[in-house]
Structures are given as C-alpha cells and as structure tokens.
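# Descriptive structure summary
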Amino acid sequence: MAAADDGTLVDAGAAVRYEARDGVAVLTFNRPQRLNSWGADTAAGLYAAIDRAEVDPDVRAIVLTGTGRGFCAGASLGPTTSLEEGGGDSSKTDVAQLVGDRPAYFLTELRKPVIAAINGACVGIGLTHALMCDVRFAAAGAKFATAFTRRGLIAEHGITWILPRLAGWGAAMDLLLSGRTFLAEEARELGLVNHVVAGDRLLERAMDYARDIAANCSPASLAVIKAQAYRDALDDVAAVSARAETLMYESLQRPDLIEGITSFFEKRPPNFPPLMQKG
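Residues numbered from 1 in each chain as written. Predicted model: local features only at pLDDT ≥ 70, side-chain atom pairs only at ≥ 80, totals over all residues. Heavy atoms only, no water.

The chain is annotated in an unreviewed UniProt entry as Enoyl-CoA hydratase EchA12_1 from Mycolicibacter sinensis.

Below is the structure:
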C-alpha cells in the first residue's frame, strides 16, 4: 500500500486502484500489461471501488480511467489476452465469472456522477462501460471499437441500448455491424465523447471537471437529476413532467436550495451538505 498526497491509501497492485482527493474518487483500471482488459479481477475491483465511493460522504464525483495504453481493451481470456483484441478459446472461459455479477448499466444507477477519462484502447465491454458513464473525456488518438462482429459475438452488455441514444441509429448500426476501429476524434463527432484532449492532459482535464462538480454542485441535486435523465429517456413527456413537478417540490424542502441561493448572493463557493445515505 502507498499513500497519496492527501494521505489516502492506494493499493498499487490492485486490479482497480482507488484514490480519493478533493471530493473526487479516482478509479483506475490497473492491468496495463493486458491493456486493462476486463476480467474477474477487474470486475470485482471495480464493484468494490464503486461501492466505496458511493457510501463515502466526502466523495461527490467519480473519475474512471486506466493505466498505460488502454482504458479497457475488451474481455480478457487470460493473463495477457483479450477477447475483443483476439486470441483464446472462449469455450474455455467461464463467461459469468468473467463478466461479473453486475450489468454495465449499473453505472447509470449510481447517485454520483461518473466521468470517464479514456486514455487508450476502449473496446467491447470496455466501450460499453465507458458509454454508461455520464460524461466522457478521451485522449487524442485513442482507439475505439465495438468489435463483436469481428469475433463472432453479439452486441453484449447493453451496448445496443446506450449506443443509439448517444450516436443516433445510423451511426450506431455502422459501428455495431462493421466492428471497425475509430479514433477519439470521430467519437467526439458522433457524440460518444464530450471532450478530446492531449493525452498528457487527459486526467488533469477530467479531474478539473470533476472537482468543479464536487465543489459547486449539490449532491442531492446531482443524484436526482441523474436518476431523472436515465429514467425519463424511456417515458413520455407527460409522465416525465408530472414526476419532475413532484421532485421539484421535494427539492424546495432541502437545505441545498437555501445554501445555493445564499452562496450566489454572497459571491462565495457553496457548502452543500453531503448526500444522505439510502434507507
């Protein structure tokens, strides 16, 4: 274990490293020798890190990134191979154990915003997890692919739900059917990433964004708005508006509103209370 600048303990050998600072939890895929391809160790590490960040009242935003040349290069079939990158016999793989016990869309159900800092190869199940994050930064030149059709697979893990919503039907079908590789710059044009930045500034930019949210946004408002966005996308406008009216009334009862208005008029950073625990 090593200590971060703020004293947080970081397990340098963990499949997913965890570090919290400035109100932000940084979760880092940490199997660079296999381009951070997804395996049972990665799944368990991510779930544990996410759960830790969710219950920590000092954490108000989450950044997900990778070490080395890959963000997450698909599903791993061994210590150095990746399903979407080629190699291995999938019949010898325990798929359930490999994928883990949570669908990728669990990221959309978190109460805290998740920002992906895509540092390199983002393929297959790695791409699905990146797309399930709320906001995405990508390093210039980072490679993306669905790759499923080129490996004899089907579109897995909910990517057929999220990809058309972000890129539109035509672009989604192109990427899903061709399985072609495309770069961060095209991903930005298609709406799959929000910002493309130089690789050496990627984490800095993502952290600046996350710190701003942590410092200036109400955790309660973030939780409600995130839930609204993903749920409302599946409903009709009348039902959405009716729910929003109820949620707005509830927000008027929270101390966050008074603090938000007071800090604005006093020209100071807000001091919002931490997110209340469920139940």
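## Focus: the sheet that holds strand S3 (residues 16-21)
If you walk across this open sheet you meet the six strands as S3-S4-S5-S7-S9-S12, and the pairing is mixed. Both edges of this open sheet fall to S3 and strand S12 (195-197), since each of them pairs with a single strand only. Direction aside, neighbouring strands of the sheet carry axes that sit 20° apart on average. With six bridges joining them, strand S4 (residues 24-29) and strand S5 (residues 61-66) adopt parallel strand pairing. Each residue of the ladder has a partner; that of Leu27, found in S5, is Leu64. (Pairing = 2+ DSSP bridges. Helix = DSSP H or I, 4+ residues; strand = E, 2+ residues; numbered from the N terminus. Axes fitted to C-alpha atoms, helices over the stretch in contact; angles between N-to-C directions.)

## A few points about helix H10 (residues 255-265)
Helical periodicity: at 3.6 residues per turn, an α-helix aligns residues three or four positions apart in one direction. All of the buried residues in H10 are Asp256, Glu259 and Ser263. Looking straight down H10, one finds its buried side chains confined to an arc of 65°; they lie on one side. In H10, the exposed positions angled more than 90 degrees off the buried face are occupied by Ile258, Phe264 and Phe265. Of the residues trailing H10, Lys267 is marked for its positive phi of about 55°. (Buried < 20%, exposed > 50% of the residue type's maximum accessible area, 1.4 Å probe, protein only. Arc of directions from axis to C-beta.)

## Considering the packing of aromatic side chains
The way to describe two aromatic rings as a pair is by their centre distance and the angle between their planes. Summed over the entire model, instances satisfying the criterion amount to five aromatic pairs. Residues Phe29 and Trp38 carry aromatic rings whose centres are separated by 6.3 Å and whose planes lie at 75° to one another, so their mutual orientation is edge-to-face. For the pair formed by Phe29 and Trp38, the shared burial category is buried. With 5.6 Å between their ring centres and 85° between their planes, Tyr47 and Phe106 make a pair best called edge-to-face. With Tyr47 in helix H1 (residues 40-55) and Phe106 in the loop between helix H2 (95-99) and strand S7 (114-118), the pair connects residues that are 59 residues apart, well separated along the chain. For Tyr47, a relative accessible area of 7% puts it in the buried group. For Phe106, a relative accessible area of 7% puts it in the buried group. An aromatic cluster of at least three residues, connected via ring pairs, comprises Phe29, Trp38 and Phe71. (Phe/Tyr/Trp six-rings, centres within 6.5 Å; stacked < 30°, edge-to-face > 60°.)

## A look at the sheet that holds strand S6 (residues 70-73)
Read across the sheet, four strands follow the order S6-S8-S10-S11 without closing on themselves; strand pairing throughout is mixed. Each edge of the sheet is formed by a strand with only one pairing partner; in this case those strands are S6 and strand S11 (182-183). Pairing between S6 and strand S8 (residues 121-123): three bridges, direction parallel. Bridging from a neighbouring strand, Cys72 pairs with Cys122 of S8.

## Considering the nonpolar core
Residues Leu27, Leu46, Ile118 and Phe144 are the most contacted members of the largest nonpolar core, which totals 50 residues. Contacts of Ile118, omitting those with residues within four sequence positions, involve Phe71, Ala130, Arg136, Phe137, Ala138, Ala139, Ala142, Phe144, Val193 and Leu202. (Core = buried A, V, L, I, M, F, W, Y, C linked by side-chain atoms within 4.5 Å. Contact = heavy atoms within 4.5 Å.)

## Considerations on the pattern of salt bridges
According to the stated counting rule, one finds 12 salt bridges in the structure shown. Between Glu266 and Arg268 there is a salt bridge, with the nearest N and O atoms lying 2.6 Å from each other. On the basis of relative accessibility, which here comes to 30%, the residue Arg268 falls in the partly exposed class. One connected set of salt bridges, linked through shared partners, spans Asp22, Asp208 and Arg211. (Salt bridge = Lys/Arg side-chain N within 4 Å of Asp/Glu carboxyl O.)

## A word on the packing of helix H4 (residues 159-167) against helix H5 (residues 169-178)
Two quantities define a packed helix pair, namely the angle between the helix axes and the distance between the axes. Following both chains from N to C, one finds H4 and H5 inclined at 130°, their axes separated by 7 Å at the closest point. It follows from the interaxial angle that H4 and H5 lie oblique. Taken as a pair, H4 and H5 cross one another with a handedness that is right-handed. Of the residues in H5, those touching H4 at Ile159, Thr160, Leu163, Pro164 and Ala167 are Trp169, Ala171, Ala172, Leu175 and Leu176. Here the contact of H4 with H5 is composed, by residue class, of nine nonpolar, one polar and no charged. (Parallel < 35°, antiparallel > 145°, perpendicular 65-115°, else oblique. Left-handed = near helix turned anticlockwise from the far one by under 90°. Nonpolar A, V, L, I, M, F, W, Y, C, P; charged D, E, K, R; others polar.)

## Side note on the pairing of S7
Of all five residues in S7, five are buried, a share of seventy percent or more. Of the two faces of S7, the one holding Val114, Ala116 and Ile118 and the one holding Ile115 and Ala117 are both buried throughout. Bridge analysis of S7 against strand S9 (residues 135-139) gives four bridges, and the strand direction is parallel. Across the sheet, the residue bridging to Ala117 is Phe137, located in S9.

## Focus: the side chain of Arg31
As for its placement among the helices and strands, Arg31 is situated in the loop between S4 and H1. By relative accessible area, which is 18% here, Arg31 ends up buried. Engagement of the side chain of Arg31 in a polar contact is seen with the backbone oxygen of Gly13, the distance being 3.2 Å. Among the polar contacts listed, one links the side chain of Arg31 to the backbone oxygen of Ala14, at a separation of 3.5 Å. Aside from chain neighbours lying at most four places away, what touches Arg31 is Gly13, Ala14, Ala15, Asn36, Asp41 and Thr67. (Polar contact = N/O pair within 3.5 Å; in protein donor to acceptor, adjacent residues only side chain to side chain.)

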